[in-house]
Amino acid sequence: MLVLHGGQAHGTQPTSLTQASVLRVMPFVRAIARRGGDGVAVGFLRYAVRGWNSGGDALRDARWALSQIEAAYPDLPLGVVGYSMGGRVALYLAGECRPRAVVGLAARVLRAAGTSVEIDIVPGDTHALLRHPGYWHRRAADFVIETLGD
């Protein structure tokens, strides 16, 4: 599993471990690791810079991380979970590599674009997914572990 954090539309400042969008995905990392137990390797990627920047920076970092995971685990199924901008990166990666499971959190535009997706809306929650955090952590972990199989 590779977990990707959010960011900004534009920004060349270095990403910090104390940045809110980085901290927001750490419970997803822990939930997936707990749910998967010893049978799942979970990696977290911290982008070099904060911005999407036309996709070049975040995608380059994520492609590098996936190449490392695929080299270390060539015969195992791959999953990607991304929050906000990380969801956008995850969806781009889904179109160009071999993930069996992709979770894009807070990515609303997919259904409108005609993509076949399962959408889970929790009334009253926001982009930050902080009103029902445990639900989101469990839901993402359950989906990727069940999709990847034992």
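Residues numbered from 1 in each chain as written. Predicted model: local features only at pLDDT ≥ 70, side-chain atom pairs only at ≥ 80, totals over all residues. Heavy atoms only, no water.

**A short note on the packing of helix 2 (residues 56-72) against helix 3 (residues 85-94)**
Argument step 1. For the pair helix 2 and helix 3, interaxial distance at closest approach is 10 Å and the crossing angle is 60°. On the basis of the axis angle, helix 2 is oblique to helix 3. The handedness of the crossing between helix 2 and helix 3 is right-handed. Taken together, the residues of helix 3 that come into contact with helix 2 (itself represented by Ala-58, Leu-59, Ala-62, Arg-63 and Leu-66) are Met-85, Val-89, Tyr-92 and Leu-93. (Axes fitted to C-alpha atoms, helices over the stretch in contact; angles between N-to-C directions. Helix = DSSP H or I, 4+ residues; strand = E, 2+ residues; numbered from the N terminus. Parallel < 35°, antiparallel > 145°, perpendicular 65-115°, else oblique. Left-handed = near helix turned anticlockwise from the far one by under 90°. Contact = heavy atoms within 4.5 Å.)

**What to know about helix 3**
Argument step 1. Taken residue by residue, helix 3 has Met-85, Gly-86, Gly-87, Val-89, Ala-90 and Leu-93 as its buried positions.
Argument step 2. Those residues of helix 3 that are buried are in contact with strand 1 (2-4), helix 2, strand 3 (78-83) and strand 4 (99-105). (Buried < 20%, exposed > 50% of the residue type's maximum accessible area, 1.4 Å probe, protein only.)

**Quick word on the nonpolar core**
Argument step 1. Formed by 20 residues in total, the largest nonpolar core has its most connected members in Ile-32, Val-81, Leu-105 and Val-144.
Argument step 2. At the level of elements, helix 1 (20-36), strand 3, strand 4 and helix 5 (133-148) are the ones that each hand at least two residues to this core.
Argument step 3. With six residues, helix 5 is the single largest residue contributor to this core.
Argument step 4. Once residues lying within four places of it in the same chain are set aside, the contact partners of Leu-105 are Phe-28, Val-81, Gly-82, Tyr-83, Ser-84, Gly-87, Leu-129 and Trp-136.
Argument step 5. Among the nonpolar cores identified, the runner-up in size contains 17 residues, and Leu-45, Tyr-47, Ile-69 and Leu-78 belong to it. (Core = buried A, V, L, I, M, F, W, Y, C linked by side-chain atoms within 4.5 Å.)

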